[in-house]
Amino acid sequence: MKKKLRSRGGETLVETLCATAIIVLSILFLCVSAITAARINYKVQNTDTTFRYGGAGTQETVTIENVSGEEDLSIDNIAITLHQVGDEKKSESQYTYYTYQK
Amino acid sequence: MAAIRAKWHSRHGATMMMALLMLLVATVVSVVVITSATTAMRRVNSDHAQQQAWLTVSSAAQMLRDGIEGDSYAQVVTKVTPRLGSPTTTESQAPATGDFSALLNEAMDYLRTNIAQDHYETTFTVSAGELDPVTVHFFLFRKMVDGDEVSEYGIRAFLYLPEGEQDCRMTLKIGGTVEPKTTTTTTGRWSSRQETTVSTTTITWNTGSITKGAAE
């Protein structure tokens, strides 16, 4: 015991400081990643991806244009009702579809 | 060899090694946590895009189906046979009148003037608002009996998003009912007597069906 107490062996101050700095950095890494993951998960949980038919529509027209180019087919007066459903505050979670009535 | 053994058993710098090991473990755990979170986010965005693509294509398919349904096209052949002289034949059409009449009339006129052809095909895009344009590969075909009389008309439309990442192919099938009708009337007396035969063939488009995928 006496020998152990009198021993001059051990870590230098620089080694101890470096080790402490690395440990602090590791803990910081873990904390930042945990907070980032929690934020992403919160956003995912609050994103409503379910689709429900409904919602007031706006009057629009559909345009039909020929691709093959051989025949000249162009119809641009077909009236449709364009519906936007979902959370109005979050445009990324909104769905758009249209209905046609004769 | 002895130097290596001494180095291996040396306890100098062990704290640093432990700290570096902890840094490694912390980095791996951080990467795993963030990757799993971003994967969930990406999946949600992908689901939304898939649903939106399906809505865009199905809206176009339903519009085509409802627009064509109930519309009709008639081919009228009038043959006047006088008692004296040679008979005369005239042809006329009662074209489709719905919103898609331009497409249907063009297809039917093409088939009427190209007797040897059994189908008309064209490709067009349907654009509505800010939605991605839907490409439609449209076929109007007929089946002949004995190489002359038409027994069946049908429409196949393949709809898809050409530039989208999502594979959202749909097929619209519409059948046409062929209804032939012939009326014969006789007018005049003696030498001015003539027989008029009016043959009307009406094709009426029935209710269509929409299926997922590019079915034949």
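Not measured: the values here are computed from a predicted model.

A.B. asks: Explain the overall build of chain B to me, using residue names and the numbers behind them.
C.D. replies: For chain B, the count of helices and strands is three helices and eight strands. In chain B, the succession of helices and strands from N to C terminus is α-α-β-β-α-β-β-β-β-β-β. Since a compact globule built from 216 residues should have a radius of gyration of about 17 Å, the 35 Å found for chain B marks it as more spread out than a globular shape. Projected onto its principal axes, the C-alpha positions of chain B cover 135 × 40 × 20 Å. Taking all 216 residues of chain B together, the buried fraction comes to 34%. Within chain B, contacts between residues at least 6 apart in sequence are counted, and of these 54% link residues at least 24 apart. Only carbon and sulfur atoms are counted for the fraction: they give 55% of the accessible area of chain B, which is about 12,700 Å².

A.B. asks: Describe the pattern of salt bridges, and please don't skip the residues or the numbers.
C.D. replies: Any two side chains of opposite charge can pair, so long as their charged atoms come close to each other. Residues and elements named next belong to chain B. For the structure on display, the rule yields three salt bridges over all chains. A salt bridge links Asp109 to Arg112, with the shortest nitrogen-to-oxygen separation between them at 3.5 Å. Residue Asp109 and its partner Arg112 are both found in helix H3 (residues 101–113); the two are separated by three residues, about one turn of the helix. In this structure Arg112 comes out as partly exposed when scored by relative accessible area, which is 27%. The partner of Glu152 in a salt bridge is Lys143, and the shortest N-O contact between them spans 4.0 Å.

A.B. asks: Describe helix H2 (residues 13–45) of chain A, listing the residues and the values that go with them.
C.D. replies: Here H2 of chain A contains 33 residues, and its C-alpha end-to-end distance of 48 Å stays within 8% of the 48 Å for a straight helix at 1.5 Å per residue. Those residues of H2 of chain A that sit buried are Ala19, Ile22, Ser26, Ser33, Ala37, Ile40 and Val44 of chain A.

A.B. asks: Pulling in residues and values, what's your account of the interface of chain A and chain B?
C.D. replies: Counting residues at the interface gives 48 residues for chain A and 50 residues for chain B. Both sides together, the interface formed by chain A and chain B hides about 4,200 Å², and carbon and sulfur atoms give 69% of it. In terms of surface lost to chain B, no three residues of chain A exceed Tyr95, Tyr98 and Tyr100 of chain A, which account for 15% of the buried area on that side. On the surface where chain A and chain B come into contact, there are zero salt bridges. Here chain A and chain B share 11 residue pairs in polar contact (both at pLDDT 80 or more) between them. At the level of elements, H2, strand S1 (57–66), strand S2 (74–85) and strand S3 (95–100) of chain A are the ones that each hand at least two residues to the side of chain A that touches chain B. Here the element with the most residues in the side of chain A that touches chain B is H2 of chain A; it accounts for 17 residues. Grouping the constituent residues of the side of chain A that touches chain B by class yields 26 nonpolar, 13 polar and nine charged. Relative to strand S3 (residues 119–128) of chain B, S1 of chain A is paired through five bridges, and the arrangement is antiparallel. The residue of S3 of chain B that forms the bridge with Asn66 of chain A is Phe124 of chain B.

A.B. asks: Outline the packing of H2 of chain A against helix H2 (residues 14–68) of chain B, listing residues and values.
C.D. replies: Two numbers describe how H2 of chain A lies on H2 of chain B: the axes approach to 9 Å, and their chain directions differ by 10°. The angle between H2 of chain A and H2 of chain B places the two elements in the roughly parallel class. Looking at side-chain class alone, the contact of H2 of chain A with H2 of chain B contains 25 nonpolar, seven polar and two charged residues.

A.B. asks: So what's going on with the pairing of strand S6 (residues 170–187) of chain B? Which residues, and what values?
C.D. replies: All names here are of chain B. Here seven bridges tie strand S5 (residues 149–160) to S6, and the two strands are oriented antiparallel to one another. Bridge assignment links Gly154 to a residue of S6, and that residue is Gly175. Sheet topology note: the S6/strand S8 (residues 209–212) ladder contains four bridges and is antiparallel. When the bridges of S8 are listed, Thr171 appears paired with Thr211.

A.B. asks: I'd like a rundown of the nonpolar core, residues and numbers included.
C.D. replies: Tyr98 of chain A together with Phe138, Leu140, Leu159 and Trp205 of chain B are the most contacted members of the largest nonpolar core, which totals 45 residues. If you tally residues by element for this core, the top one is H2 of chain B, at seven residues. Counting six residues, the second-largest nonpolar core is a separate cluster that includes Ala37 and Ile40 of chain A together with Ala37 and Val44 of chain B.

A.B. asks: I'd like to hear about the packing of aromatic side chains, residue by residue, with values.
C.D. replies: Describing an aromatic ring pair means giving the distance of the ring centres and the angle of the ring planes. Scanning all chains against the criterion turns up four aromatic pairs over all chains. Here the basic side chain of Arg169 of chain B rests over the ring of Tyr160 of chain B, its NZ or CZ set 4.9 Å away from the ring centre.

Thresholds, definitions, all that
The written sequence of each chain sets the order in which its residues are numbered from 1. For this description, chains carry letters from A and ligands carry numbers from 1, given in the order in which they are written. Only residues with pLDDT of at least 70 are given local features in this predicted model, and only at 80 or more are side-chain atom pairs given and counted; all residues enter the totals for whole chains, interfaces and linings. Computation of side-chain values: all heavy atoms of the structure, hydrogens and water removed. Counting from the N terminus, the helices are the DSSP runs of H or I reaching at least four residues and the strands are the DSSP runs of E reaching at least two. C-alpha atoms define the radius of gyration, and 2.2 Å times the number of residues to the power 0.38 defines the globule rule. Here the term buried applies to any residue with accessible area under 20% of the maximum for its type, exposed to any over 50%, and partly exposed to those in between, with areas from a 1.4 Å probe on protein chains only. The contact definition used throughout considers only heavy atoms, calling two residues in contact when any of these lie within 4.5 Å. For the area figures, the Shrake-Rupley method with a 1.4 Å probe applies, and any residue is considered shielded solely by the protein chains shown. Definition used for salt bridges: Asp or Glu carboxyl oxygen within 4 Å of a side-chain nitrogen of Lys or Arg. For a helix, the expected span equals 1.5 Å multiplied by the number of residues minus one. The quantity reported as buried area is the accessible area (1.4 Å probe) lost by two parts once they are put together, taken as the sum for both. Any N or O atom pair separated by 3.5 Å or less is treated as a polar contact, with the protein-specific requirement of one donor-capable and one acceptor-capable atom, and with residues adjacent in sequence counted only for side-chain atom pairs. Side-chain classes are defined by residue name, with Ala, Val, Leu, Ile, Met, Phe, Trp, Tyr, Cys and Pro counting as nonpolar, Asp, Glu, Lys and Arg as charged, and the others, Gly among them, as polar. Here, any two strands with at least 2 DSSP bridges between them count as paired. Interaxial angles span 0 to 180 degrees and are taken between N-to-C directions of axes, which are lines fitted to C-alpha atoms, for helices over the stretch in contact. Throughout this description, any angle smaller than 35 degrees is read as roughly parallel, any larger than 145 degrees as roughly antiparallel, any in the 65 to 115 degree range as roughly perpendicular, and the remainder as oblique. Only buried residues count toward a nonpolar core. Its members are Ala, Val, Leu, Ile, Met, Phe, Trp, Tyr and Cys residues joined through side-chain atoms within 4.5 Å. In this scheme Phe, Tyr and Trp rings, the latter by its six-membered ring, pair at centre separations within 6.5 Å, and the angle between planes marks the pair as stacked below 30 degrees, edge-to-face above 60, and tilted otherwise. In this analysis the charged atom, NZ for Lys or CZ for Arg, is taken to sit over a ring once it is within 6 Å of the ring centre and within 35 degrees of the ring normal.

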